[in-house]
Amino acid sequence: MRCSWLTDIHLNFLKPLALKGFYDRVKAERPDALFITGDIAESDTVARVLHELAQHTGAKVYFVLGNHDFYRSSIRTVREDAQRMTAATYLPVADPIALSPHMTLIGVDGWGDARCGDTESKVQLSDWQLIDDFRRCKDVAARIELLQRLGANEARALRDKLAKVPPTPKLLVLTHVPPFPEACVYAGEQSSPEWLPWFTCIATGEVLREHAAAHPAQRTMVLCGHAHGIGTHRPLPNLEVRTGGWPPDTQEYGNPVVQATFEL
Ligand SMILES: [Fe+2]
Ligand SMILES: [Fe+2]
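Residues numbered from 1 in each chain as written. Chains lettered and ligands numbered in written order. Predicted model: local features only at pLDDT ≥ 70, side-chain atom pairs only at ≥ 80, totals over all residues. Heavy atoms only, no water.

(A) Looking closely at the pairing of strand E12 (residues 239-243). In terms of burial, E12 is largely enclosed, as four of its five residues are buried. With four bridges joining them, strand E11 (residues 231-236) and E12 adopt antiparallel strand pairing. Opposite Leu236, over in E12, you have Leu239 as the bridge partner. Hairpin connection from E11 to E12: two residues lie between these consecutive antiparallel strands. (Buried < 20%, exposed > 50% of the residue type's maximum accessible area, 1.4 Å probe, protein only. Helix = DSSP H or I, 4+ residues; strand = E, 2+ residues; numbered from the N terminus. Pairing = 2+ DSSP bridges.)

(B) A look at helix H2 (residues 46-57). Compared with an ideal rise of 1.5 Å per residue, which puts 12 residues at 16 Å, H2 spans 17 Å between its outermost C-alpha atoms and is within 8% of the ideal. Along H2, the residues classified as buried are Val46, Val49, Leu50, Leu53, Ala54 and Thr57. The arc that holds every buried residue of H2, seen down its axis, measures 135°, which confines them to one face. In the core, the buried residues of H2 are packed alongside strand E1 (2-6), helix H1 (16-27), strand E2 (33-37) and strand E3 (60-64). Trailing H2 by a residue or two, Gly58 shows a phi angle of about 75°, which is positive. (Expected span 1.5 Å × (residues − 1). Arc of directions from axis to C-beta. Contact = heavy atoms within 4.5 Å.)

(C) Representation of the packing of aromatic side chains within the structure. Under the defined criterion, the tally for this structure stands at nine aromatic pairs. On the numbers, 4.6 Å between centres and 10° between planes, the contact of Phe13 with Tyr253 is stacked. Taken together, the residues Phe13 in the loop between E1 and H1 and Tyr253 in the loop between E12 and strand E13 (260-263) connect sequence positions 240 residues apart. Residue Phe13 is classed as partly exposed on the basis of its relative accessible area, which comes to 42%. Here Tyr253 falls in the partly exposed class, since its relative accessible area comes to 34%. Ring geometry for Phe70 and Trp111: centres 5.4 Å apart, planes at 35°, overall tilted. Of this pair, Phe70 sits in the loop between E3 and helix H3 (75-84) while Trp111 sits in the loop between strand E6 (103-107) and helix H4 (127-130), and the two are 41 residues apart along the sequence. For the pair formed by Phe70 and Trp111, the shared burial category is buried. (Phe/Tyr/Trp six-rings, centres within 6.5 Å; stacked < 30°, edge-to-face > 60°.)

(D) Up close: the pairing of E2. The buried fraction of E2 is high, at five of five residues. Residues Ala33, Phe35 and Thr37 of E2 are buried on one face, and the alternating residues Leu34 and Ile36, pointing to the opposite face, are buried as well. Pairing geometry for E1 and E2, over four bridges, is parallel. Residue pairing for E2: Leu6 is matched across the bridge by Ile36.

(E) A look at the coordination of the iron ion (ligand 2). The coordination sphere of the iron ion (ligand 2) contains the protein donors Asp39 (OD), Asn67 (OD1), His176 (NE2) and His226 (ND1), at a distance range of 2.1 to 2.3 Å. One way to put it: the four donor atoms around the iron ion (ligand 2) meet at angles of 89 to 159°, and that makes the site irregular. The motif formed by the donor residues of the iron ion (ligand 2), counted along the single chain, is D-x27-N-x108-H-x49-H. Taken as an interatomic distance, the gap from the iron ion (ligand 2) to the iron ion (ligand 1) is 3.6 Å; Asp39 donates to each of them. Of this pair, Asn67 sits in the loop between E3 and H3 while His176 is found in the loop between strand E7 (170-174) and strand E8 (185-186), placing the two residues 109 residues apart along the sequence. (Donors = N, O, S within 2.8 Å, 3.2 Å for Na, K, Ca; no water. Tetrahedral: all angles 85-135°; square planar, octahedral: opposite > 155°, others 65-115°.)

(F) Spatial organisation of the pattern of salt bridges. Here the structure, examined in full by the defined rule, presents 14 salt bridges. Across the pair Glu210 and Arg159 runs a salt bridge, and its minimum N-O distance is 3.5 Å. Taken together, the residues Glu210 in helix H8 (residues 202-214) and Arg159 in helix H6 (residues 140-163) connect sequence positions 51 residues apart. Arg159 sits in the partly exposed class, given a relative accessible area of 40%. A network of salt bridges, in which partner residues are shared, links Arg79, Asp109 and Glu154. (Salt bridge = Lys/Arg side-chain N within 4 Å of Asp/Glu carboxyl O.)

(G) Summary view of the coordination of the iron ion (ligand 1). The protein atoms that coordinate the iron ion (ligand 1) are Asp8 (OD), His10 (NE2), Asp39 (OD) and His228 (NE2), at distances spanning 2.0 to 2.3 Å. Note that the iron ion (ligand 1) binds four donor atoms; their angles at the metal cover 87 to 168°, and the shape is irregular. Along the chain, the residues donating to the iron ion (ligand 1) are arranged with the sequence spacing D-x1-H-x28-D-x188-H.

Structure (structure tokens):
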């Protein structure tokens, strides 16, 4: 089985010809499956581009959502829409998937949960204006409380999924937000304390570490994005986190790439 990994493709920034060119580049990888770790587009385009990707490549599409996918709508509405999609599988609502006799696939969205770095940071995310849930927060404290609650919910969902994972030698976890500060990288370095609270999901990291420690015979690989930097972090011998992002010479939206293609 050939699998290609895409993350933070932000396809809403592409005009039709560039979009077609990207679909062609993905198809050229000849994937049987696509793993997409969020920030696919925005709420009004995410279903369409997932449908087009599936149609154009003929691959089975597995995905989680990123913060940008909720833009101009609410978290609940976009997740409900994702759940109804037939062209692609939204992993947070799917049971663990047997990709092969050796490998199980699960996924959760993740959320930057304001539990590390400098929570008094002046970094302003568009999320807070463009996602209904954050626009309703009356002050910074309410926003931080919401972020921490979202992170805790993601951790709970992840724990429930992990409880259902069979003891396959390998486990693949897709998530949008890096689950460890060391996996939150940009331009080859760990993101600074001003960015870390919004770009790391401490809660899912705790659950992943706990699972890997309790299952030493199972190798867990996590694929994530969000920080737009490329890196690998190995918190435990059997737990590896790969963060996907922009190639070194790219610093803006509209330049989607295939992160990797591998055989399972
Ligand atoms: Fe992104
Ligand atoms: Fe993101």
